[in-house]
Amino acid sequence: MTAHKKETFLKDYTPPTHLVDSIDLRVELDPKATQVVARLHIRPNTSEPHPLVLNGERLELLAVALDDSDLPQALYRFTDGLLTIPEVPEHPFVLTVTTRINPAGNTALEGLYLSSGNYCTQCEAEGFRTITCFPDRPDVMSVFTTTVIGDKNACPVLLSNGNLIDSGELEDGRHFATWHDPFPKPCYLFALVAGDLVKISDTFTTRSGREIGLHIYVEERNREKCGHAMRSLQKSMQWDEERFGREYDLDTYMIVAVDDFNMGAMENKGLNVFNSKYVLALPQTATDVDYEGIEGVIAHEYFHNWTGNRITCRDWFQLSLKEGLTVFRDQEFTADMISRPVKRIQDANIIRSFQFREDGGPMAHPVRPPSFIEINNFYTLTVYNKGAEVIRMLHTLLGADTFRRGMDIYFERHDGQAVTCDDFVAAMESAWGKDLTAFKRWYSQAGTPELTVTTEYDQKKRQLRLTVAQHCPPTRECAEKLPFTMPLAVGLLDDQGQTIDLTDSPNPATKVLVLSERQQTFVFDTINTCPTVSFLRNFSAPVKVRFEQRQEELSRMMAHDPDPFNRWDAGQKLALKFLLEQIEAFKQGQAISVHDQLINGLRNLLLDHDSDQAFLAMALALPSENWIGQQMTEIDPVAVYCVRQQFRALIARSLRIDMVQCYDRLHSTAPYRYSAHEAGRRSLRNLCLAYLLAPTLEGELEACLLQRGVTQYRQADNMTDTVAALAAVVNADLDTGNELLADFHTKWHKDPLVVDKWLILQAGCTLPGTLDRVKELTSHPSFTYKNPNKVRSLIATFCATNHAQFHAIDGSGYQFLGDQICLLDQLNPQIASRMITPLTQWRRYDPPRQQLMRAQLERIGSQPNLSDDVKEIVEKSLPSS
C-alpha cells in the first residue's frame, strides 16, 4: 500500500544520501508475474551515516541482499512506498533487490505494462519505482546494464537502452538480450520494450563520419507507415548538428510505437517510446496536421538527447530546464521545416488560448514550481510552452550568436550532470556578460503579466512617447509580484501603411525595447507623422496587452504590417471587437450583424495571391470560442457559440463568390505530397469549405453548398481533405453527416488512429444531441477507457472544445465529466487528472453554472481511494474551508 503523498518543496531540497554508480537489471518477463532482479552498486554521498531509503510502489518485494548476503526482514522495512534499511556500510556496497510485478494489470500505464500484447515502459516521472526499489529522483545518475528475458514466440524482440552487447537462446523456449548504456542517466530514462514487432531500418552519418543505425519498431500492420517518421528523425539529427553543434553519441537510435501511452512520447536514452499517433502516417490515414506533429515530436524527443539526457534536471522542480528548452528547440526546427511566421502564430496561439487560462486558474504555478504533491500534475503548458517562451526571450535579448555561445557554454560546463534552471541562466550570463538576476523572476513568479500601453505624439517635436506599465495579478504563491524583465519588439507604420525605420540593424523596421520596471517611457525621435504602433511583434513576450487602437489602425496593420504575427493579430483584434459587441447585442435579443470593415479585411485576404497560404488560412479564421470567452468578465458559452457561428454564416454569405473562386482555384489533381506549400494550399481551401458549409443559427444552408462537402469527401485521395470535408458536413447537416460517418467507420474501423478521428468528429459536433451520442459511443466496440487516445478523442474533445453543449445550463455536461473522472481515476489517474480542467474554471461562469460545476468537483473529491493526481487538483480548485 502507498500512503497519500505529502507536499514537496523546492526550498527543502537536499542532495541524495547515497548514489548508485551502476545498476544491473535482470527482467524475466511474464504477463502477470514479471520478476526483476536489480543489483545496485551504491556508495555513500555524505560524510555522516544515513539509512538507505529506496522508493518502491505497486510491487511485491521478494528478497533483499546486501553484498550478496540475504537480509532478514527484521533488518529492513517496506511500507508506504519506501524500502528503508537503517544500517548500511559507510563504504561502497552492492544491494540486490528482487521484486515481482504485474504488467497485465497495470492500467495506469506507468512503469512496465502491456500494450497490444507487447511489453513497454513509461518511467517519467516516477514510474521506475513500480518496477524495482531505487532512489527514484533525477539527481541519481547510473550506468544501466539490462538483461531482458522472454518467450521467443511472444517476444521475438527484446530492447532496452544503449547498445546491444549480448544475446542468445535459453533452454526453455526463452531467449535473452543484454543492453548496456555507457552514459549515466536517471532512472526516469530507463526503457524496456519486448514483443512481436517488425523493424524498419535506415542510417545517418554524423558530421564526424560515424554511421548511426536508425530503427523504428512497430506492429506488422503498421510496417508501411514509418517513412515520414524516419525522414523526420534524419532531418532532426542533421539540424541539431548544424544549429547547435550537437552530434548523436550511441551506435543506434531506436523508436518504438505503441497504441497505449499517456503522453506524446518519451525520450528514454537511445530507445524512445512513442504514442503511435506521432510515428505512423500515410496520406490515406494521416492529415497534414498529423504529418507536422510527427515531425515536431520526433525532433523534440531526439533533441532531448542533449537537453534532458546528457544534461538532466537536478530535481523535478527544474522540469522546464529540459522541457522548456527542448520545446524551444523543436519550435525552431519546425519553423525551419515549414513556415516560420505560421509556426510562431501557432505557438503564440497555444500560449494565449490555453496557457494564459492556466495562469489564471487554481493550478497556476511558476515555470519552476515552488512545491508539488503529484509531479505528474506539473507536466503543463506553463512548464513546457511558457518555459519555451522564457528561452525565446533570452534568445531575443542576447541575439542568435550570443545565445548559441551560451548554449555551448552550458553543454561544456554540465555534460553528464543533473543541474538547475539557474545553471542554464548562468551560462547565458557568461556568454552575454550581463546580469540576468531580474530576468529569472520568470522562473519564480506565476501568472501572466498585463501590459498597459499608451502613446503620445508631439507633431512639433516629431516625437512619439510610448509608455508601458506592467502588472501581474496575484497567484497562490505570491500576491505582490516584482516587475518582470522582457523584450518588447516594436515597429511603426505611417498613415499609408509604410514602415518607418527605427534602427540601423539588418531589420530596421523593428526595434527591441527592454522593459524592466513597473512603468517605462520609450521615446522615438524624428517621426514625421503620427504613426500606427505595431506593438509586441513576433509575440516577443508571453504577456497580455491593453492597448486601445482605432479600427483604422487595426485595418492598416491587418493589410500592411510586415510582421506576420502582428498582421494576424490585428485581424484577430478587429474580429474580437465586433464579436464582443454582437455578443452583448445578442444577449439583449438583437439580430446579429457583421461590420463591413471586417468583411472587407477578410475579402482582401482572400484576394491575396502572394502571401503564404497557410498564413492566409490562419488570418481568415475567427478567434476561437475559448479566446473570446477569456475576454469576458463572465463567460456565456452559449452566446459566444451562437454569435461566432452566425458570424461564420454571414461572412460566408457576404464573401461567397470570393470563397468559391478561392476554393476552386486551389483544387489540385496531383497526388498527395506533404510539404509546407501543399499543406498551406489545402488548409486555405478547406477553410473556405468550412465557411461555405456554416449554417445559420436557424439551420439554413443551401443544398448545393452541402453537396460540395459531400463531393470532396467522396473524391478525396488523402485524409486531410477527407476529414476536412467530413467535419464541415457533420457540423452542417445531421442526416448527411451520419451517413458519411457510417461510411467512414466502415472503411477505417480497423485503424485505431483513424477511429480516433471518427470519435473526434462526433464529439466536436455542434449540432443538437451530441452529449447523448458521446454517451452512446462510450459503449461502442471502437472505444475503450484503457486507451488514452480514445479517451482524449471522445471525452476530452467534447468537454474541452464543445463549449456550448458541455456547458448546457442543466449541468448534464458537468455530470457526464464527473462520472468519467470517477471511472478513469480507478484505471489511469494521470489521464483522469488531465480531464478535469474544464471544471476547475468554474469561477469564470455565471452563478448557476458555478454551483453545478462546484458540485461535481465536490462529488469527485469525496470519492473513496481518490488518487493524489486528482485529489490535488480538486482541493486547489475548491475554496478553502
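Before reading further, recall that the structure is shown in the block above.
**Q** Help me out: how do you make sense of the packing of helix α22 (residues 788-801) against helix α24 (residues 812-827) in this one?
**A** The description of two packed helices rests on the angle between their axes and on the distance between the axes. Two numbers describe how α22 lies on α24: the axes approach to 10 Å, and their chain directions differ by 145°. For the element pair α22 and α24, the recorded crossing hand is left-handed. Contact residues: α22 offers V791, I795, F798 and C799, while α24 offers F816, L817, Q820 and L824. Grouping the constituent residues of the contact of α22 with α24 by class yields seven nonpolar, one polar and no charged.

**Q** It is not clear to me how the sheet that holds strand β18 (residues 211-218) should be interpreted in this structure. Could you clarify?
**A** In sheet architecture, strand pairing relies on hydrogen bonds along the backbone and comes in two forms, parallel and antiparallel. Spatial ordering of the open sheet is given by β17-β18-β19-β21-β20, a layout of five strands whose pairing is mixed. At either margin of the open sheet sits one strand with a lone partner, and together these are β17 (198-205) and β20 (265-266). With five bridges joining them, β18 and strand β19 (residues 252-258) adopt parallel strand pairing. Bridging across to β19, I216 finds its partner in I255. Contacts from helix α2 (residues 288-303) reach β19, β20 and β21 (271-275) within the one sheet, and its direction differs from that of β21 by about 150°.

**Q** Help me out: how do you make sense of the packing of aromatic side chains in this one?
**A** Aromatic ring pairs: the centre-centre distance and the angle between the two ring planes describe each pair. Under the criterion given, the structure shown has 31 aromatic pairs. Ring plane angle 85° and centroid distance 5.3 Å describe the contact between F128 and F134, whose orientation is recorded as edge-to-face. A relative accessible area of 0% places F134 in the buried class. Taking the centre distance of 5.8 Å and the plane angle of 65° together, the rings of W239 and F244 count as edge-to-face. The two residues W239 and F244 agree in class, both being buried. Three or more aromatic residues joined by ring pairs make a cluster, and in this case those are W239, F244, Y248, Y253, Y302, F303 and F333. K11 extends its terminal NZ or CZ atom over the ring of F9, reaching a point 4.9 Å from the ring centre. The ring of F244 has R329 lying over it, and the distance from NZ or CZ to the ring centre is 5.0 Å.

Reading guide: rules and limits
- Residues numbered from 1 in each chain as written.
- Predicted model: local features only at pLDDT ≥ 70, side-chain atom pairs only at ≥ 80, totals over all residues.
- Heavy atoms only, no water.
- Axes fitted to C-alpha atoms, helices over the stretch in contact; angles between N-to-C directions.
- Helix = DSSP H or I, 4+ residues; strand = E, 2+ residues; numbered from the N terminus.
- Left-handed = near helix turned anticlockwise from the far one by under 90°.
- Contact = heavy atoms within 4.5 Å.
- Nonpolar A, V, L, I, M, F, W, Y, C, P; charged D, E, K, R; others polar.
- Pairing = 2+ DSSP bridges.
- Phe/Tyr/Trp six-rings, centres within 6.5 Å; stacked < 30°, edge-to-face > 60°.
- Buried < 20%, exposed > 50% of the residue type's maximum accessible area, 1.4 Å probe, protein only.
- Lys NZ or Arg CZ within 6 Å of the ring centre and 35° of its normal.

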